[in-house]
Amino acid sequence: MIIAQISDTHIALDIPDADRRATDLALSIADINALDPLPDVIVHTGDIVHNGRQDEYAQAAAILANARAPVYVLAGNKDNRTALRETFAADGYLAPNLDFIQYAIERYPVRLLALDTSSVGNKGDFCPERLRHLAGLVAAEATKPIVVFAHHPPFVVSEGPEPVHFESLEVMSELSTLLRRSGRIVAVCSGHVHRSVSSELEGIPAIVAPSIATALRYGSYPPHMRQKPTYYVHRIDPVRGFSTETRVAGDA
Ligand SMILES: [Fe+2]
């Protein structure tokens, strides 16, 4: 199974960088569309838009609609759950009776679990209700491997100024313990940090995708790459396990 992961597009309309952010996303989708083989899915790990506005979501959705593979989205701290839900409701995978944007995708050989780690502030949170809901999602199927997606990394990030991206270390540790104990999670994929990070959660590959928005991306990139968005292609193979390739969009 092949999963393209994009993150932190921060689509905005009324700022000097607006066109560039839209172009960064469009270039990424065009690059994914040209991959052979085509990824089975595209997962956007949140901060789709910058101000939670409906018109920003409309622009993001219009660009994402060009994707040849199905797109699944997560909520980041900059997203507005109501506007996000309204924008992507027609795709049918967001549970309408749940306060959070948290769901499982079951139609592939690998289960995809999308977590809602958003809180009122910039950092992540995971309340008992979300924890119970996640435990139910994990327990609902007992044979397939699982890839978990969460906007805020539920693991310590050694690169960058802050190692913990949750409001409380205790909450992050409750979440990571649940993930680790399931025994079937093959990778945890996040965003939020806007830089490329490869880590592990007690033996489980744990990675952070850089922001698609090139002007908001951290890390050292050579001059010819500074205006080229970068995203990840994850491959899950029954024999070779989990691997991640970094793609530079617009290189072709
Ligand atoms: Fe972000």
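Predicted model only: the values in this text are computed from it and were never measured.

The rules behind each value
- Residues numbered from 1 in each chain as written.
- Predicted model: local features only at pLDDT ≥ 70, side-chain atom pairs only at ≥ 80, totals over all residues.
- Heavy atoms only, no water.
- Donors = N, O, S within 2.8 Å, 3.2 Å for Na, K, Ca; no water.
- Tetrahedral: all angles 85-135°; square planar, octahedral: opposite > 155°, others 65-115°.
- Helix = DSSP H or I, 4+ residues; strand = E, 2+ residues; numbered from the N terminus.
- Salt bridge = Lys/Arg side-chain N within 4 Å of Asp/Glu carboxyl O.
- Buried < 20%, exposed > 50% of the residue type's maximum accessible area, 1.4 Å probe, protein only.
- Lys, Arg positive; Asp, Glu negative; His and termini not counted.
- Contact = heavy atoms within 4.5 Å.
- Phe/Tyr/Trp six-rings, centres within 6.5 Å; stacked < 30°, edge-to-face > 60°.
- Lys NZ or Arg CZ within 6 Å of the ring centre and 35° of its normal.
- 1 Å grid on protein atoms, 1.4 Å probe; cavity = no way out; pocket = protein on both sides within 12 Å on 5 of 7 lines; lining within 4 Å.
- Points joined across faces, edges and corners; volume = space filled by probe spheres on them.

(A) The arrangement of the coordination of the iron ion in detail. Coordination sphere of the iron ion, protein contribution only: Asp 8 (OD), His 10 (NE2), Asp 47 (OD) and His 194 (NE2), at 2.1 to 2.2 Å. Classification of the site at the iron ion as irregular follows from its four donor atoms and the range of 88 to 176° in their angles at the metal. Between consecutive donor residues of the iron ion, the sequence gaps follow D-x1-H-x36-D-x146-H. Of this pair, Asp 8 sits in the loop between β1 (2-6) and α1 (18-33) while Asp 47 sits in the loop between β2 (41-44) and α2 (54-64), and the two are 39 residues apart along the sequence.

(B) Up close: the pattern of salt bridges. Overall, the coordinates contain eleven salt bridges when judged by the stated rule. With a shortest N-O distance of 3.8 Å, Asp 116 and Arg 130 are connected by a salt bridge. On the criterion of sequence distance, the pair formed by Asp 116 in the loop between β5 (111-115) and α4 (128-139) and Arg 130 in helix α4 is long-range, its members being 14 residues apart. Its salt-bridge partner being Arg 235, residue Glu 245 comes within 2.8 Å of it at the nearest N-O pair. Of the two residues, Glu 245 sits in strand β11 (residues 241-248) while Arg 235 sits in strand β10 (residues 230-237), which places them ten residues apart along the sequence. On the basis of relative accessibility, which here comes to 33%, the residue Arg 235 falls in the partly exposed class. Through salt bridges that share partners, Asp 14, Arg 53 and Asp 55 make up one connected network.

(C) Structural detail: the side chain of Arg 195. Residue position: Arg 195 is located in the loop between β7 (185-190) and β8 (197-201). Glu 159 is the oppositely charged side chain nearest to the buried, salt-bridge-free Arg 195, at an N-O distance of 7.0 Å. Dropping the residues within four chain positions of it, Arg 195 is found in contact with Glu 159, Gly 160, Pro 161, Val 208, Ala 209, Pro 210, Ser 211, Tyr 218 and Gly 219.

(D) Representation of the packing of aromatic side chains. Tallied over the entire structure, the rule returns two aromatic pairs. Plain terms: the ring middles of Tyr 72 and Tyr 93 are 4.8 Å apart, the flat faces sit at 75° to each other, and that makes the pair edge-to-face. In this pair, Tyr 72 sits in strand β3 (residues 71-73) while Tyr 93 sits in the loop between α3 (81-88) and β4 (103-105), placing the two residues 21 residues apart along the sequence. An aromatic cluster is defined as three or more aromatic residues linked by ring pairs; in this entry it consists of Tyr 72, Tyr 93 and Tyr 103. Here Arg 217 stacks its cationic end above the ring of Tyr 221, 3.8 Å away from the centre of that ring.

(E) Main features of the layout of surface pockets. By volume, the largest pocket amounts to about 320 Å³. Around the largest pocket, the lining is made up of 18 residues, and of these Asn 122, His 192, Val 193, His 194 and Tyr 218 lie nearest the centre. Of the pockets and cavities examined, the second largest pocket occupies roughly 160 Å³. Every residue along the wall of the second largest pocket is listed here: Ala 61, Leu 64, Ala 65, Ala 67, Ala 69, Val 71, Thr 87, Phe 88, Ala 90 and Asp 91. For the lining of the second largest pocket, the elements supplying multiple residues, two or more each, are α2 and α3.

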